[in-house]
Amino acid sequence: MTVNAPLGARLFLKDRPDWDAVTPDEIVAGRAKLARMLRSPVMRLIAGRPDRRVRIEEHALDLPGRRVTLRVHRPEDRRDRLPLVLSFHGGGFITGTAAQNDWLNSGLAAALPAVVAAVEYRLAPEHPLPAPVDDGRDALDRLADDPFGWGIDPARIAVVGESAGGTIAALLAQRSRESGPAVSAQVLLYAALDWTATMTDYPSVERNIGRPGLSAGELGLARRTALPAGLDPDPLSPLQTADLAGLPPTLAVAGELDPVCDHAREYVRRLRAAGNDASYIGYPNAVHKFMSVPGLVPASRPARREILAFLRARLHANALAR
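Residues numbered from 1 in each chain as written. Predicted model: local features only at pLDDT ≥ 70, side-chain atom pairs only at ≥ 80, totals over all residues. Heavy atoms only, no water.

Q: Sorry, what's going on with the nonpolar core here?
A: A general tendency of soluble globular proteins is for nonpolar side chains to be buried together. Residues L86, L189, Y267, F290, M291, I307 and L311 are the most contacted members of the largest nonpolar core, which totals 103 residues. The residues contacting F290, other than those within four sequence positions of it, are Y190, V253, A254, G255, Y283, V297, A299, S300 and A303. (Core = buried A, V, L, I, M, F, W, Y, C linked by side-chain atoms within 4.5 Å. Buried < 20%, exposed > 50% of the residue type's maximum accessible area, 1.4 Å probe, protein only. Contact = heavy atoms within 4.5 Å.)

And the structure:
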């Protein structure tokens, strides 16, 4: 039996006709349009309302030679030391904004509880890869030292990334094996984990391409815009990493109607084969981006509960072990 995406998702996440003709100026203009949409009352119903137990603030974080913005979710009236969850939005490294994940991030901040810092990393075409990954790496290094005095516990750090942001999260988890800061857990949400020429050589791409949420045209646009000519994509593709031993516990969440869901499924398979604690959860009626539109895709709510339970178990276990 063929399972279709929910009607709301089919209407809202419909494809556009000619992705090959999209210009750099149109990409930049599309970001501004998304930011305006997220501020509208109607879009808040679709993207979900932030948890009222959390205050949301924006902070400028100075990194070597540049400054990025953090969208920070902190529980009200918490004075004890809290875990840090570093969050990376999706958008193919060319679009997206931290605010699109307010529903998820504020819910995690309130219920864990934790400081959840979403990084507005630089985007292509102005800043192609590896700039977004560099921003994630340097933001983690700075925030582990708690420069804003939020009361962060540096022994309890998790990374969460959706779509292209999942690439950043996974690479940070890999890096933590050798150079730190230590990452206690990673959550990969419908993550795109292969930016090589084999990006579309997965059964789920053939099975789901053309469904709402992510098209072949969008995948192609993201790859050719974010990857400059001559850049080796292997070091930026977690699925191409040969040695996956010694990585932190992993939860991968995807929609089974998502063309790239097999990226996550294959990554979890390889993580387990390397001896890691790794789990994959696939939701049958969910498309790509579904955690950013909980008002349209009911699976977003049980998925958030699974993410919360996973992070609570790993981050609290680290606190009790000390």
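Q: So what exactly am I meant to see when it comes to the packing of aromatic side chains here?
A: One pair of aromatic rings is described through two measures. These are the centre distance and the angle between the planes. All told, the structure shown has 6 aromatic pairs when counted by the stated rule. Summarising the aromatic geometry, the rings of F93 and Y121 are spaced 6.4 Å apart at their centres and angled 65° between planes, so their arrangement reads as edge-to-face. In this pair, F93 is assigned in the loop between β3 (82-88) and α4 (102-111) and Y121 in the loop between β4 (115-120) and α5 (131-143), connecting sequence segments 28 residues apart. Judged by its relative accessible area of 3%, Y121 falls in the buried class. Accessibility expressed as a relative area gives 1% for F93, which makes it buried. (Phe/Tyr/Trp six-rings, centres within 6.5 Å; stacked < 30°, edge-to-face > 60°. Helix = DSSP H or I, 4+ residues; strand = E, 2+ residues; numbered from the N terminus.)

Q: I keep staring at the side chain of H73 and nothing clicks. Help me out?
A: Mapped onto the elements, H73 comes out in strand β2 (residues 66-75). Take H73: its relative accessible area is 0%, and that puts it in the buried class. Apart from residues no more than four positions distant in its own chain, H73 is found in contact with V54, R55, I56, D102, N105, S106, A109, A114, V115 and V116.

Q: What should I look at first to understand the packing of α5 against helix α6 (residues 164-175) in this one?
A: When two helices pack together, their arrangement is given by the angle between the helix axes and by the axis-to-axis distance. Interhelical geometry of α5 versus α6 gives an angle of 50° and a closest axis separation of 10 Å. Taken together, α5 and α6 sit at an angle that is classed as oblique. Between α5 and α6 lies a crossing of right-handed hand. Facing P132, V133, G136, R137, L140 and D141 of α5, the residues of α6 in contact are I168, L171, L172 and R175. Its residues placed into classes, the contact of α5 with α6 shows 6 nonpolar, 1 polar and 3 charged. (Axes fitted to C-alpha atoms, helices over the stretch in contact; angles between N-to-C directions. Parallel < 35°, antiparallel > 145°, perpendicular 65-115°, else oblique. Left-handed = near helix turned anticlockwise from the far one by under 90°. Nonpolar A, V, L, I, M, F, W, Y, C, P; charged D, E, K, R; others polar.)

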